[in-house]
Amino acid sequence: MCSVSAGSKKERQGCEVLTLMLQALQSIVALEALSADKCLILLEATVKGLPQRVLGSASYQVGKMDVLNGTPALFLILLLFNSSKLPTYVEDERFFHCLQTLVSCGLSGPTSPLAFAEAVLGAMSSCGGSLQNKEQLWRMWSLIVGPLTDTITQSNEVNQGDALEHNFSAMHSALMFPVTHLLHGTLLQQASQKSMLSSWSKLYRVFARCSALVVTAEENICCEELCVKMAAAVDREVLMVPSTLNTVSSFLHVMVECVDFSPYTPHFQQKLKFPHTPVNWTRKQSKAMRNLSTFLSLLVRCLHVYLEAPEASPETTGSALVSVVSALLTNLVLGNAIAEALNALIQPLMLFYKHAATETTKFSIHLEGKLEKLLCEVLGCLQSRSTLAYNNELLALLSPLLCVVFPHKNKHLRTAVTQFWNATFANTVSLEYPEEIRPVLSQVKQKTPIILPGFEAISVPDEFSETGSSESSQLETKLSGMPISSTGKRDSTLSKPELKDRRSTKTSKPVSTKLDFGSPKPPRREVLEEEASIDFVFIPPETKERVLTEHQKEVKRTKRVDIPAMYNNLDASLDTTVFSQYTESQDDSSDKVPTKEVDAAITEGPSEVT
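Residues numbered from 1 in each chain as written. Predicted model: local features only at pLDDT ≥ 70, side-chain atom pairs only at ≥ 80, totals over all residues. Heavy atoms only, no water.

A short note on the overall build of the protein chain
So the rule is basically this: Secondary structure counts use DSSP, requiring at least four H or I residues in a row for a helix and at least two E residues in a row for a strand, with both numbered from the N terminus. Partly exposed residues are those whose accessible area sits between 20% and 50% of the maximum for their type, while under 20% is buried and over 50% is exposed, using a 1.4 Å probe and protein chains only. Between two residues, a contact is recorded if the distance between any of their heavy atoms is within 4.5 Å. All accessibility values rest on the Shrake-Rupley procedure with a 1.4 Å probe; residue burial counts only the protein chains present in the view.
Within the protein chain, the regular secondary structure consists of 27 helices and four strands. With 610 residues in all, the protein chain has 45% of them scored as buried. When contacts within the protein chain are restricted to residue pairs at least 6 apart in sequence, those whose partners lie at least 24 apart make up 75%. Carbon and sulfur atoms make up 55% of the accessible area of the protein chain, which amounts to about 32700 Å² in all.

Structure below.
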């Protein structure tokens, strides 16, 4: 039934004639007895006989009235796609000529080109399973996508939604058709594959640019929504086909070039033009990557599949994936976004450089150069743009990558990671090193000047552990590669019992040397033993007996006993009670006091003082 409700009598008559003609054509095409060649002749005559403005006008809607923006052009296209003779139609060039004319009329008419394209793509998808030849599907898709891209470029319109919510369903249908129908089964020829990638890239770039102009669309929402559909369509098994993985990697490369990275910078301000609907009130950005979360997960999936057998995929696949990772880590600035991206990408990155270090995997010189550049970009992102702290958490995150890059056979990679470490983690007070990286750093330290805060733990030497010594001051340390022995505390009243116990456990030969500092009390033998372990001047012991003068005797008699002995001062560490008995005995017996007796009295004297 014709939808014209007003107009001249001639127009109404023309509408009725057109309706009858199209309905008759529909009945003729539906007859199984009529050959496909005769059906194409009738369709071609109808397309050439009707003016283009009539074919693209919604005033002559025929068939089901619930079809949005129905036109004679859409009616004839649906008539072709819903026919059981479609596999035969596509073998004839007249079919593609008719399709091209009808698509051009529908997109250039007064109706919505997006609604028209969505209806055509829907009909094409429903019949895509009946066509085994992927080249024919690609030709039909190209005949729609090419004019649609030109139309959107002129109108800047990609939204089919209202003032509250955006709707990019037509764009999703056009961009998802190759993913769902052209990447499975029989492969496209190389020329067709290249043309398909070019058409897809042009359409997505226009889509990304125009979607940013939509008031109700968030930044990068076009990428997020499309990646959700792509992730559901290409699972791991589908990506195992090298050609499919290569195509999806190329798609991701195009998408990352159109990403708006402003939300991942510290100076970004959220759009204030979003309508405050309940949907937006309840929506929460739980992930730091926001509208790139699904894109990141799809990228990681492709990386894992590629790195399982890099030699099975073409070189362009690895190059595209490395470029995507590079673009992400080069443009991210916010620390939480960088941390989330690295957390997802660290294992694939480790596998990339691990494969580059093996002899079995042969990467091209071009790809190896891109890997060198990628490592510099990753480390530069952490060192210059990121605000992440160089702490235990970041070290644990980067540990898998560092374990592979530090001992890598590529000198440029080793130099880059060493310079990064000395500029970042080396300035940390202390670090908790994961067990997996400890042997790697031990090996690196022997060959490369690297600073490892708190890496060398202090250990007790074997010779001290065998003798049972518990002296903490004898622990061996190293400074700039030279062993230094600590001498511990000297002459403390608190350490006297410890020294007495140590004296019984010492296995080294004691040094019987007396140093005279002008005081009647010689130094304790424990001090001499400690000083013998380092460079001190040896003074031979006195062999002659010491003669005390009358003045010395008088001083010893009048020594004040109310002043406590200070044992940390050799001049003031003389206890008068110790020497009182010896001065009295000297007055009674002799003025000559043997030195050995004084030594014995000094050594045993303090223990007898009460």
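More follows now that the structure is in view.
Quick notes on the pattern of salt bridges
Note the cut-off: For salt bridges, the criterion is a side-chain nitrogen of Lys or Arg within 4 Å of an Asp or Glu carboxyl oxygen.
Counting across every chain of the model gives eight salt bridges. Residue Arg94 is joined to Asp37 by a salt bridge in which the shortest nitrogen-to-oxygen separation is 2.3 Å. On the criterion of sequence distance, the pair formed by Arg94 in helix 6 (residues 93-108) and Asp37 in helix 2 (residues 36-49) is long-range, its members being 57 residues apart. As a salt-bridge pair, Asp92 and Arg94 come within 2.8 Å of each other at their nearest N and O atoms. By relative accessible area, which is 19% here, Arg94 ends up buried. Connected via shared salt-bridge partners are Asp37, Asp92 and Arg94.

A look at helix 11 (residues 221-233)
Stated precisely, the cut-off is as follows: The span you would expect from a helix comes to 1.5 Å times its residue count less one.
For helix 11, which comprises 13 residues, the first-to-last C-alpha distance of 19 Å matches the rise-based estimate of 18 Å (1.5 Å per residue) to within 8%. Within the sequence span of helix 11, burial applies to Ile221, Cys222, Cys223, Glu224, Leu226, Cys227, Met230 and Ala231. At its buried positions, helix 11 is contacted by helix 9 (169-182), helix 10 (190-211), helix 13 (242-257) and helix 15 (293-308).

A word on unusual backbone geometry
Its identity is not glycine, yet Asn156 carries a phi of approximately 60°, on the positive side. Mapped onto the secondary structure, Asn156 falls in the loop between helix 8 (134-155) and helix 9. The exposure class assigned to Asn156 is partly exposed, which follows from its relative accessible area of 33%. For Arg290, which is not glycine, the phi dihedral falls at a positive 55°. Structurally, Arg290 can be placed in the loop between helix 14 (278-282) and helix 15. The exposure class assigned to Arg290 is partly exposed, which follows from its relative accessible area of 29%.

Observations regarding the nonpolar core
Quick note on the threshold: Nonpolar cores were defined as sets of buried Ala, Val, Leu, Ile, Met, Phe, Trp, Tyr and Cys residues, with membership established by side-chain atoms within 4.5 Å.
Residues Phe81, Phe95, Tyr204 and Trp421 are the most contacted members of the largest nonpolar core, which totals 154 residues. If you tally residues by element for this core, the top one is helix 17 (residues 335-357), at 11 residues. When sequence neighbours within four positions are dropped, the list of residues in contact with Phe95 reads Leu40, Leu80, Phe81, Leu86, Tyr89, Val90 and Met140.

A short note on the environment of Thr247
For clarity, the cut-off: Counting of polar contacts relies on pairs of N or O atoms within 3.5 Å, with two restrictions inside protein: one atom must be capable of donating a hydrogen and the other of accepting it, and residues adjacent in sequence are counted only when both atoms are side-chain atoms.
If you trace the backbone, Thr247 turns up in helix 13. The buried category is assigned to Thr247, whose relative accessible area is 1%. Taking the C-alpha atoms as reference points, Thr247 and Gln193, 54 residues apart in sequence, are found 8.6 Å from one another. Ignoring anything within four residues of it in the chain, the contact list for Thr247 reads Leu183, Gln193, Met196 and Leu197. Reaching out from Thr247, the side chain makes a polar contact with the side chain of Gln193 at a distance of 2.5 Å.

Observations regarding helix 7 (residues 113-127)
Across its 15 residues, helix 7 extends 21 Å between first and last C-alpha, which sits within 8% of the 21 Å expected from 1.5 Å per residue. Buried residues of helix 7: Leu114, Ala115, Phe116, Ala117, Val120, Leu121, Ala123, Met124 and Cys127, and no others.

Quick notes on the packing of helix 8 against helix 9
For any two helices packed against each other, the geometry is given by the interaxial angle and the distance between the axes. Just so we agree on the cut-off: For every element, the axis is a line fit to its C-alpha atoms; helices are fit only across the contacting stretch, and the angle between N-to-C directions ranges from 0 to 180 degrees. Should an angle fall under 35 degrees it is taken as roughly parallel, and over 145 as roughly antiparallel, whereas 65 to 115 is taken as roughly perpendicular and any remaining angle as oblique. When the near helix sits turned anticlockwise from the far one by under a right angle, the crossing is termed left-handed; a clockwise turn instead gives a right-handed crossing. All residues other than Ala, Val, Leu, Ile, Met, Phe, Trp, Tyr, Cys, Pro, Asp, Glu, Lys and Arg, Gly among them, are scored as polar; the first ten of these are nonpolar and the last four charged.
Contact geometry of helix 8 with helix 9 gives a least axis separation of 11 Å together with a crossing angle of 160°. Taken together, the axes of helix 8 and helix 9 lie roughly antiparallel to each other. With respect to the hand of their crossing, helix 8 and helix 9 are arranged in left-handed fashion. Across the interface between the two elements, Lys134, Leu137, Trp138, Trp141, Leu148 and Ile152 from helix 8 touch Met171, Ala174, Phe177, Pro178, His181 and Leu182 from helix 9. Partitioning the contact of helix 8 with helix 9 into residue classes produces 10 nonpolar, one polar and one charged.

A closer look at the packing of aromatic side chains
To describe a pair of aromatic rings, one takes the distance between the centres and the angle between the planes. Note the following rule: The aromatic pairing rule takes the rings of Phe, Tyr and Trp, using the six-membered ring of Trp, and pairs them if the centres are within 6.5 Å, calling planes under 30 degrees apart stacked, those over 60 edge-to-face and the rest tilted.
On inspection of all chains with the given rule, the structure shows 15 aromatic pairs. Ring centres 4.0 Å apart and planes at 15° place the aromatic pair Trp200 and Phe251 in the stacked group. Here the residue Trp200 occupies a position in helix 10, and Phe251 occupies one in helix 13, the gap between them amounting to 51 residues. Like Trp200, the residue Phe251 is buried in the burial classification. On the numbers, 6.1 Å between centres and 70° between planes, the contact of Phe406 with Trp421 is edge-to-face. Of the two residues, Phe406 sits in the loop between helix 19 (392-405) and helix 20 (411-423) while Trp421 sits in helix 20, which places them 15 residues apart along the sequence. Each member of the pair, Phe406 as well as Trp421, is classed as buried. A network of ring pairs unites the aromatic residues Tyr390, Phe406, Phe420, Trp421, Phe425, Tyr433 and Phe455 as a single cluster.

A look at the packing of helix 13 against helix 15
Contact geometry of helix 13 with helix 15 gives a least axis separation of 11 Å together with a crossing angle of 145°. Helix-helix and strand crossings are classified by hand; for helix 13 and helix 15 the assignment is left-handed. Packed against helix 13, whose contacting residues are Leu245, Val248, Leu252, Met255 and Val256, the element helix 15 presents Phe295, Leu298, Leu299, Cys302, Val305 and Tyr306 at the interface. Residues of the contact of helix 13 with helix 15, tallied by class, amount to 11 nonpolar, no polar and no charged.

Structural notes on the confidence of the model for the protein chain
What counts, and what does not: Residue-level confidence of the predictor is what pLDDT reports, using numbers from 0 through 100.
Residues of the protein chain with pLDDT of at least 70 account for 67%, and the chain-wide mean is 77. Throughout residues 567-610 the model reports pLDDT below 50, and contacts reaching past four residues in sequence, or to other chains, amount to 60 contacts.

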